[in-house]
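If you want the building blocks of each chain, they are given just below.
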Amino acid sequence: MSLTVAERKLLAEEWCKKAKGKMDHVAVHVGCMSLKDSQDLALHAAQIKADSIAVISPSFFKPKNAHALRSYLKAVASAAPNLPFYYYHIPSITGVNVLVRDLLVGIEEEIPSFRGVKFSGIDLMDFGLCFSLMKPNWSLLYGVDEQMLSGLVLGADGAVGSTYNYVGCQFNKLLSAFEKGELVEARTIQFKLQDFLGLAMKLGFDVGVNKQLMVEVSGLSLGPPRFPVMPCHPDVAASIKHKYESIFPQC
Ligand SMILES: CC(=O)N[C@@H]([C@@H](O)[C@H](O)[C@H](O)CO)[C@@H](O)CC(=O)C(=O)O
């Protein structure tokens, strides 16, 4: 959201190009404060042959209820009616607390391309209640990394989260333990991840810290964050990395 529309288009184009033959699916996020910008990005995503689009709610003028949010999403989806469409629920960032289960009622009639939700909220009751409204071609993806196991237990079809960029191999172990029914092992890994993220949060975990951790773990040079997100202090990154290495000596 810190990027201009032109920058976002360039980034989406690069992802679609580079992902060819390497990734199964590229979903382009097209949420903006302005409906027109979102429609522009949605159309662009279709033109560059993205696999799907996802949209967060605008957070300056917020939708007041499920009807308003559905109407907004419908208007965005109409710009790319053939692209699978996901609502991206992230209330801690948008401040939009419309219950997803309310949003889902009748949504496929309004948005025929609707295919599911990326649910990055901590309200597991709302998440659970969404399943009674599920259609066979929808996916509910959970997005609170420190609670991934709870999402899986309730029936999540997958997970999308920021820390999977650098702790992905531990989460893959959690996923595979869960799939094998090894709940104690899955829980042990989740607790370790909570221990790790607990320290990161105490030290001010945000997008700047997250980005620095991606740099430290991947060795790739990703550049600084854009203001107002501040760059992570090297001491903070070092402490979190040290914690990571002590909890997870190997992948
Ligand atoms: C509120 C928030 O940023 N949630 C993250 C989580 O991955 C989060 O960073 C993680 O669970 C640690 O709290 C994701 O759900 C969102 C995300 O991946 C993104 O949009 O980049």
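Residues numbered from 1 in each chain as written. Predicted model: local features only at pLDDT ≥ 70, side-chain atom pairs only at ≥ 80, totals over all residues. Heavy atoms only, no water.

The protein appears in an unreviewed UniProt entry as N-acetylneuraminate lyase from Notothenia coriiceps. One UniProt comment on the protein, placed under Sequence similarities (unreviewed entry), says "Belongs to the DapA family. NanA subfamily." In its Pathway (unreviewed entry) section, the UniProt record describing the protein reads: "Amino-sugar metabolism; N-acetylneuraminate degradation." (UniProt positions renumbered as here; feature names shortened; annotations may be inferred.)

> What should I look at first to understand the sheet that holds strand β4 (residues 114–119) in this one?
Remark on secondary structure: sheet strands pair via backbone hydrogen bonds, oriented parallel or antiparallel. What the 6 strands build is an open sheet, ordered β1-β2-β3-β4-β5-β6; its pairing is parallel. In this open sheet, the two edge strands, each paired with only one partner strand, are β1 (27–29) and β6 (158–159). Two elements, β1 and strand β2 (residues 52–55), share 3 bridges in a ladder whose sense is parallel. Residue pairing across strands places H29 opposite A54, the latter belonging to β2. Relative to strand β3 (residues 85–89), helix α3 (residues 66–77) is tilted by about 140 degrees, and along the sheet it contacts β2 and β3. (Pairing = 2+ DSSP bridges. Helix = DSSP H or I, 4+ residues; strand = E, 2+ residues; numbered from the N terminus. Contact = heavy atoms within 4.5 Å. Axes fitted to C-alpha atoms, helices over the stretch in contact; angles between N-to-C directions.)

> Looking at this structure, how should I read a nonpolar patch on the surface?
On the surface, M1, M33, F60 and F61 cluster together into a nonpolar patch covering about 530 Å² of accessible area. Positionally, F60 belongs in the loop between β2 and α3. Judged by relative accessible area, F60 falls into the exposed class, the value being 63%. (Patch = residues over 30% accessible without salt bridge, like charges linked within 9 Å, V, L, I, M, F, W, Y side chains within 5 Å. Areas by Shrake-Rupley, 256 points an atom, 1.4 Å probe, with all protein chains shown as cover. Salt bridge = Lys/Arg side-chain N within 4 Å of Asp/Glu carboxyl O. Buried < 20%, exposed > 50% of the residue type's maximum accessible area, 1.4 Å probe, protein only.)

> Got a minute to help me understand the pattern of salt bridges in this structure?
When the charged atoms of two side chains with opposite charge come close together, those side chains can pair. Under the defined criterion, the tally for this structure stands at 9 salt bridges. What emerges from the salt-bridge pattern is a single network uniting E14, K17 and K18.

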